[in-house]
Amino acid sequence: MLDLLVTGGWLIDPERLEMRPGSIGVKDGRIAGVYGADARTPEALSRIDAEGAAVCPGFIDVHSHLDGQEECGRRALLQGITTSFGGNCGLSPVDMDAFFESQRGGYCVNQCEFVGHSFTLREAVGLKDTGACADLDQLGRMESMARRAMDAGAWGVSFGLDYCPGCAFREVETLGRLTAEYGGICPVHTRLFTMYDMYSIAEAARLAVIAGVQVQVSHLVYQYPMNELLDDAFEMIEFAHDRGARICCDSGMYTNFAAPLGSATFDPENMEACDWQYDHLLVSTGEYRGMRMDEALYRRLRREAPETEVICFSGDERAVEHAFSRDYVMISTDAGAYQPGQGHPQAAASFPRFFRIMARERKRLSWPEAVRRATLLPAETMGLKTKGRLREGMDADLVVFDPRTISERADFAGMGEPDAPPEGIRAVILGGQLAAQDSRVVNARLGRTIRRERGR
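Residues numbered from 1 in each chain as written. Predicted model: local features only at pLDDT ≥ 70, side-chain atom pairs only at ≥ 80, totals over all residues. Heavy atoms only, no water.

Comments concerning the packing of aromatic side chains
Then, number 1: With the rule as written, the count across this model stands at 20 aromatic pairs.
Then, number 2: Relative to Trp276, the ring of Phe266 lies with its centre 5.8 Å away and its plane at 55°, an arrangement referred to as tilted. With Phe266 in the loop between strand S14 (257–260) and helix H9 (268–273) and Trp276 in the loop between H9 and strand S15 (281–283), this pair connects stretches of sequence that are ten residues apart.
Then, number 3: Accessibility expressed as a relative area gives 7% for Trp276, which makes it buried.
Then, number 4: Put simply, the rings of Phe59, Phe324, Phe351, Phe354, Phe355, Trp367 and Phe401 touch in pairs and so form one group of aromatic residues.
Then, number 5: Sitting above the plane of the Phe313 ring, Arg292 keeps its charged end 4.4 Å from the centroid.
Then, number 6: The ring of Tyr254 carries Arg353 above its face, with NZ or CZ at 4.4 Å from the centroid. (Phe/Tyr/Trp six-rings, centres within 6.5 Å; stacked < 30°, edge-to-face > 60°. Helix = DSSP H or I, 4+ residues; strand = E, 2+ residues; numbered from the N terminus. Buried < 20%, exposed > 50% of the residue type's maximum accessible area, 1.4 Å probe, protein only. Lys NZ or Arg CZ within 6 Å of the ring centre and 35° of its normal.)

If you want it as structure tokens, here you go:
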């Protein structure tokens, strides 16, 4: 007897790129059977009626900052995410063994974790100055800490080069070579000298070539938020790929990005170089949440509360669609650790917004192709062999959603609720058990940490 049977839905298979009526059987946390509409199905202890809805593998978020934080884990789950990659942009737990142990009781979603360079490792060796370059002793200690993290099961070393403008390429290359030794991945939040330079993407490509490591260019549309900039970035990525570099990328669904106000991103010289005005910045956390910045508030918060997150309204919204014009671009959230009612709406809205815009309204992607970008493509890219596929023996991480109504409800602070759950997601199944249903978390402890095996 099956543990669970999901019946009467439209099965979206990202491997075959097809959509057909049928049912999914689950046993012991795995997909036990995929049945056609007319097939006789086994008895099951419980059933989920998916009539009129789509059924597909659980969504995989390749770029987030959940890192075990409860509130944003719930937001991720409610939008259909079942596996998330944290520790991005150079910010992560420093003791990976301790982090994995702390998550033994379960979490809202499955977690894979990178160890961060640009905040975590640099600060751990005393590099507080973002404009400073590591000396050989500091670099050696960073390498040792990164090796311990990789031995503990980290998926690679992440870089937030925008946040440490003084970082020398030798730091990046050294940690990239170490990651390659383990068969890992290096996500790169590229440097930002201005919004218009292309050295940033060239550096990421150079890392892939010189270190022989798989590079993941992070949240592409945030880094290059105009169509012409994206075309230049794509050209450089494809140039490197054609010469044997392993380089891929993910993108969010907004051009309006979030970062701490005290970070190097919002240094006065960067503000000037990128043509950002104070009122381009919206406060998303803390007591001034929902307020637009002025010069006085900018200076006060930079001095007194540099951890305050702000959202920079920049770029051309048309670039959001254009970012997915290449078949190797995956959807990601860049979700952070927020308190209720605070933060960027991307943490609650990215995947439903992706399906609404790209598949239903603009029809830039077919439903099977849109599902592939959120499931199979990240599973193959990141090396998750039993996820992202709708066939027997795969992990029973599933999403049941209504293609006619799936949509985001979250909005920016001062304009709406940043943590409002989406519409149209009927059920999220994690490891064969019901985790969320109709905008309500049913079980927030079904997720597990996934440690990367060396050479995997």
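Description of empty space enclosed by the protein
Then, number 1: Here the structure, examined in full by the defined rule, presents two cavities of 30 Å³ or more.
Then, number 2: By volume, the largest cavity amounts to about 50 Å³.
Then, number 3: Forming the walls of the largest cavity are Leu78, Pro421, Pro422, Ile425, Arg426, Ala427, Val428, Ala436, Gln437, Asp438, Ser439 and Arg440.
Then, number 4: When contributions to the lining of the largest cavity are tallied by element, the ones reaching two or more residues are strand S19 (425–430) and strand S20 (433–437).
Then, number 5: If one sorts the elements of the lining of the largest cavity by residue count, S19 sits on top with four residues.
Then, number 6: Space inside the second largest cavity adds up to approximately 40 Å³.
Then, number 7: Lining the second largest cavity we find Pro57, Gly58, Ile60, Thr82, Thr83, Thr386, Lys387, Gly388, Asp395 and Asp397. (1 Å grid on protein atoms, 1.4 Å probe; cavity = no way out; pocket = protein on both sides within 12 Å on 5 of 7 lines; lining within 4 Å. Points joined across faces, edges and corners; volume = space filled by probe spheres on them.)

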